[in-house]
Amino acid sequence: MGETDDSGLDAAGSLAELLEGNRRFVLGDAAHPNQDVHRRATLAGGQRPFALIFGCADSRVAAEIIFDRGLGDLFVVRTAGHVVDNAVLGSIEFGVEVLEIPLVIVLGHDSCGAVKATMEAHDSGRMPSGYLRTVVEMLSSSVIGARQHGHGEINEIVAEHSVQVAQQLPERSSSIGRRVADGRLAIVAMEYALSDGAVRVLSSTIATPDVQIA
Ligand SMILES: [Zn+2]
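Residues numbered from 1 in each chain as written. Predicted model: local features only at pLDDT ≥ 70, side-chain atom pairs only at ≥ 80, totals over all residues.

### So, the pairing of strand E4 (residues 186-192)
In step 1: E4 sits mainly inside the fold: seven of its seven residues count as buried.
In step 2: By the alternation rule, side chains of E4 split into Ala186, Val188, Met190 and Tyr192 and Ile187, Ala189 and Glu191, which are all buried.
In step 3: Where strand E3 (residues 103-109) lies against E4, seven bridges are found, and the strand directions are parallel. Paired with Ile105 across the two strands is Val188, which belongs to E4.
In step 4: Where E4 and strand E5 (residues 199-204) come together, five bridges link them in antiparallel fashion. When the bridges of E5 are listed, Glu191 appears paired with Arg200. (Buried ≥ 20, exposed ≤ 12 C-beta atoms within 10 Å, placed from the backbone. Helix = DSSP H or I, 4+ residues; strand = E, 2+ residues; numbered from the N terminus. Pairing = 2+ DSSP bridges.)

Below, the structure is given as structure tokens:
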């Protein structure tokens with residue numbers, strides 16, 4: 001695959017493209033679209049990405065690779081444990097308001113180190129030092145909430161955290177909230193499996209297509 005123009009897709013079309021790209025990646029059949037010199041030159045004057053990925057900073061969960069996309073396709077915001085601060089909200093608002101992206105993915109993954117560090121801090125009563133402490137504090141409500149709901153295993157906590165973040169974005173940002181309410185924006189929480197590379201939809205504000213991995 002050389003170049004493919006997916007600007008102007010609606011949320012459902014964007015989601016279908018992401019799931020199809022992930023399917024190629026899982027099968028070892030990546031097409032590496034939009035990564036050549038021509039695409040680079042075409043984009044120099046402006047971008048129109050079709051999806052915004054807000055995920056964990058983990059080196060194994062690189063958005064363009066796991067969704068098999070290239071330059072100008074994905075607007076990517078990543079923090080450890082995909083914790084949300086004001087700069088994250090501002091970055092997502094930029095993506096949906098200025099770039100008019102129709103789809104936001106909240107992407108968690110199994111065995112997340114930031115969630116693990118938070119669980120260990122709670123279990124030991126010892127908080128980490130420096131700004132890692134900030135990350136742990138910001139993950140604490142999700143860890144405590146998941147445990148109260150009987151979800152004590154790390155991957156259950158990651159999944160619940162991802163769904164919580166997807167729910168919080170439109171609550172915390174009135175701009176994001178308005179767009180979800182009037183149908184201009186969809187928010188989908190996903191979890192990524194490190195071993196087989198597959199994403200799974202956890203929650204969605206729109207119907208999700210059924211993509212077969214075969
Ligand atoms: Zn992580």
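### Overview of helix H4 (residues 86-98)
In step 1: The first and last C-alpha atoms of H4 sit 17 Å apart over 13 residues, in line with the 18 Å expected at 1.5 Å per residue.
In step 2: Burial in H4 covers these residues: Ile92, Gly95 and Val96. For H4, the buried positions fall inside an angular range of 85° around the axis, keeping them on one side. Those residues of H4 that are exposed and aimed more than 90 degrees away from the buried face are Asn86, Ala87 and Val98.
In step 3: Of the surrounding elements, those touching the buried residues of H4 are strand E1 (51-56), strand E2 (74-79), E3, helix H7 (154-172) and helix H8 (174-181). (Expected span 1.5 Å × (residues − 1). Arc of directions from axis to C-beta. Contact = placed C-beta atoms within 7 Å.)

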